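# Overview (structure and organization)
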Amino acid sequence: MSIDAKSIDASQLMWKPLIFDLAIVQDRVEFDRMMKGDKVWQVHDQIERQVRDLIEARNPQTISTDGRDRKLRNSLTELMNGRSFEEYGRWVYYPWTGHMVHLLPPVEFRELRFDRNRNKITALEQTKLGHMTVGIIGLSVGNSVALTLTLEGLYGCIKLADFDELELSNMNRVRAGTHEIGLPKTVITA
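Everything numeric here is computed off the predicted structure, so don't read it as measured data.

### Digging into the pattern of salt bridges
The tally for this structure, following the rule as stated, stands at eight salt bridges. R52 is paired through a salt bridge with D53; the nearest N and O atoms lie 3.6 Å apart. Accessibility expressed as a relative area gives 29% for D53, which makes it partly exposed.

Now the structure itself:
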C-alpha cells in the first residue's frame, strides 16, 4: 500500500502508519526521502532476526547444537529469493513516534507473529478468525478488549466506536498517557 506522505494532512497521520514496499519504485523514492528528512527519529531494523525466527518456526529441525547449519542457509536462500535484506519485507513508519521499523512481508509477519497460538487454536481456526470483523463499542474498558484481541490476532478487521474523548477521570480504565487527554478514544485505541 503506497502512501504519499506529502499529500496527507498531519491530522490523518496521527494514528495511521505509512507502509513502504521497497520493490515498488514510488515507495522506494518516498522511503528514501523520509530517511533523509527529519521525521524519522529512530530506525529499528531486526529483519535478519525475524527471518531466522520464521525459518526456525517453520523448520525446527534447522536448529543445531553447533550453530546454524546448511539447512538453515538453504532455507534462507529460498526465502529471500535473490532479494537483499533491505528490500525484503516492509518498512513501517509510525508518525506518532518517529520510528521506522523493518518487518516481514504481511503473510510471513502474521504467520510468525501468531505462531505461538498453535497450542491454543488450530491453524484453520486462526485463519477463519483472521477473516472476521469485530466491533467494540465503548473504549474505556473496550480499550483493553481491543488490545487483547489484537495481541492474539483474533480478527481480520476491528471497528472501534466511542464518541468520547479521553479525560483525566477515565484514565483508570484506558491505557493512555496524560499527554493524550482530549484525544478521541478511538484514536488512542487505534
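Next comes the rest of the write-up.
### Regarding the packing of aromatic side chains
Here the structure, examined in full by the defined rule, presents three aromatic pairs. Taken together, F20, F31 and W91 form an aromatic cluster joined through their ring pairs.

### Comments concerning the side chain of N143
Mapped onto the elements of the fold, N143 is located in helix α6 (residues 142-152). The buried category is assigned to N143, whose relative accessible area is 1%. Ignoring anything within four residues of it in the chain, the contact list for N143 reads V174, R175, I188 and T189.

### Considering the pairing of strand β8 (residues 157-161)
Here five bridges tie strand β7 (residues 133-137) to β8, and the two strands are oriented parallel to one another. Following the sheet pairing, G135 is matched in β8 by K159.

### A word on the environment of E180
Within the secondary structure, E180 sits in the loop between β8 and α7 (185-189). The spacing of E180 and E167 is 13 residues in sequence and 8.6 Å in space, taken between C-alpha atoms. Sequence-distant contacts of E180, that is, excluding residues within four places in its chain, are made with L166 and I188.

The rules we used
Residues numbered from 1 in each chain as written. Predicted model: local features only at pLDDT ≥ 70, side-chain atom pairs only at ≥ 80, totals over all residues. Heavy atoms only, no water. Salt bridge = Lys/Arg side-chain N within 4 Å of Asp/Glu carboxyl O. Buried < 20%, exposed > 50% of the residue type's maximum accessible area, 1.4 Å probe, protein only. Phe/Tyr/Trp six-rings, centres within 6.5 Å; stacked < 30°, edge-to-face > 60°. Helix = DSSP H or I, 4+ residues; strand = E, 2+ residues; numbered from the N terminus. Contact = heavy atoms within 4.5 Å. Pairing = 2+ DSSP bridges.

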